[in-house]
Amino acid sequence: MGAGASGARLTGAGFGGCIVALTDDNGVDAVLAALRRFYAARRSTADLENQLFVAHPSGGAVVAAL
């Protein structure tokens, strides 16, 4: 949260793990920069750019009448 995320959660840690960090559009660059700086600095992750991506929420699933 110090990098600008409103919150973050670790998921799937038994299989290498993944985080979901929530931020508004203005905080995306700061959160990604913090991940590059703090995560990559502690690991030999040469291909970090293919592991970071931004997703936008959608309306979700609905039941459609046929």
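Computed from a predicted model, the values in this text were never measured in an experiment.

The rules behind each value
- Residues numbered from 1 in each chain as written.
- Predicted model: local features only at pLDDT ≥ 70, side-chain atom pairs only at ≥ 80, totals over all residues.
- Heavy atoms only, no water.
- Helix = DSSP H or I, 4+ residues; strand = E, 2+ residues; numbered from the N terminus.
- Buried < 20%, exposed > 50% of the residue type's maximum accessible area, 1.4 Å probe, protein only.
- Contact = heavy atoms within 4.5 Å.
- Areas by Shrake-Rupley, 256 points an atom, 1.4 Å probe, with all protein chains shown as cover.
- pLDDT = per-residue confidence, 0-100.
- Core = buried A, V, L, I, M, F, W, Y, C linked by side-chain atoms within 4.5 Å.
- Pairing = 2+ DSSP bridges.

A look at the overall build of the chain
Point 1. Regarding its fold elements, the chain presents one helix and two strands.
Point 2. Mapped in sequence order, the helices and strands of the chain form the string β-β-α.
Point 3. Put simply, the chain has 66 residues, and 15% of those count as buried.
Point 4. For the chain, long-range pairs separated by at least 24 residues make up 17% of all intrachain contacts whose partners lie at least 6 apart in sequence.
Point 5. A total of about 5,700 Å² of accessible surface is found on the chain, and carbon and sulfur atoms cover 57% of it.

Quick notes on the confidence of the model for the chain
Point 1. The predicted model of the chain has a mean per-residue pLDDT of 83, with 89% of residues at 70 or higher.
Point 2. Predicted confidence in the chain is weakest over helix H1 (residues 28–42), with a mean pLDDT of 84, and strongest over strand E2 (residues 18–22), with 89.

Topic: the nonpolar core
Considering soluble globular proteins, one finds that nonpolar side chains tend to be buried as a cluster.
Point 1. Counting five residues, the largest nonpolar core consists of Val-28, Leu-32, Ala-40, Leu-48 and Leu-52.
Point 2. In contact with Ala-40, other than residues within four places in its own chain, are Leu-35 and Leu-48.

So, the pairing of E2
Every regular strand shows the same layout, with side chains that alternate between the two sheet faces.
Point 1. Relative to E2, strand E1 (residues 7–11) runs antiparallel, the two being bridged by five bridges. Looking at E2, one finds that Leu-10 is bridged to Ile-19.
Point 2. Taken together, E1 and the strand that follows it, E2, pair antiparallel across an intervening segment of six residues, in which Gly-12 is found at a positive phi of about 65°.

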